[in-house]
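Descriptive structure summary
Read off the chains here:
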Amino acid sequence: MGKSSFVLALGAVAGVLAAPVAEPVPVTDLVKRAQSVNYNQNYIASGANVQYSPNQNAGSFSVNWNTNGDFVVGLGYQT
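Residues numbered from 1 in each chain as written. Predicted model: local features only at pLDDT ≥ 70, side-chain atom pairs only at ≥ 80, totals over all residues. Heavy atoms only, no water.

Scanning the chain from terminus to terminus reveals 2 helices and 4 strands. Put simply, the chain runs from its N terminus to its C terminus through helices and strands in the order α-α-β-β-β-β. Residue burial in the chain is summarised as follows: out of 79 residues, 10% are buried. Taking the contacts inside the chain whose residues are at least 6 apart along the sequence as the reference set, 39% of them involve residues at least 24 apart. (Helix = DSSP H or I, 4+ residues; strand = E, 2+ residues; numbered from the N terminus. Buried < 20%, exposed > 50% of the residue type's maximum accessible area, 1.4 Å probe, protein only. Contact = heavy atoms within 4.5 Å.)

So, in structure tokens, the structure goes:
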């Protein structure tokens, strides 16, 4: 590695280290969200072999698939 390449790489690393860091999410917001899962995503393309079992009250789900077809499933929070 040449001297100019090393200086350029060092400058890039310094820029990343100096980048601002996002503020942490308050714990109270996380607790509220954990108590109120309110969105069930269930898109399964026609002909796709997907078994999706949501448990919205527990905030969990299971999914089994054997397909090349499209599917998007899960639980979350509606804004």
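Turning next to the packing of aromatic side chains. Enumeration over the complete set of coordinates arrives at 2 aromatic pairs. Ring centres of W65 and F71 lie 5.4 Å apart, and the angle between their planes is 45°; on these two criteria the pair is classed as tilted. By relative accessible area, W65 is classed as exposed at 52%. Assessed through its relative accessible area of 24%, F71 is described here as partly exposed. (Phe/Tyr/Trp six-rings, centres within 6.5 Å; stacked < 30°, edge-to-face > 60°.)

In terms of strand pairing, strand 2 (residues 50-55) meets strand 3 (residues 60-65) through 6 bridges, oriented antiparallel. The residue of strand 3 that forms the bridge with P54 is F61. Connecting the antiparallel pair strand 2 and strand 3 is a turn made up of 4 residues, with G59 showing a positive phi of about 75°. (Pairing = 2+ DSSP bridges.)

The next subject is the environment of G59. For G59, the position within the fold is in the loop between strand 2 and strand 3. Residues G59 and G76 lie 17 residues apart in sequence; the distance between their C-alpha atoms is 8.2 Å. The residues contacting G59, other than those within four sequence positions of it, are V37 and L75.

A word on the environment of I44. Position of I44 relative to the elements: it lies in strand 1 (residues 39-44). What makes I44 partly exposed here is its relative accessible area of 30%. A C-alpha to C-alpha distance of 6.3 Å links I44 and D70, two positions 26 residues apart in sequence. Those residues within four positions of I44 in sequence are excluded, and the remaining contacts are V50, D70, F71 and V73.

Summarising the element assignment, N40 is placed in strand 1. Along the chain, N40 and L75 lie 35 residues apart, while their C-alpha atoms are 4.7 Å from each other. There is a polar contact of 2.5 Å between the side chain of N40 and the side chain of Y52. (Polar contact = N/O pair within 3.5 Å; in protein donor to acceptor, adjacent residues only side chain to side chain.)

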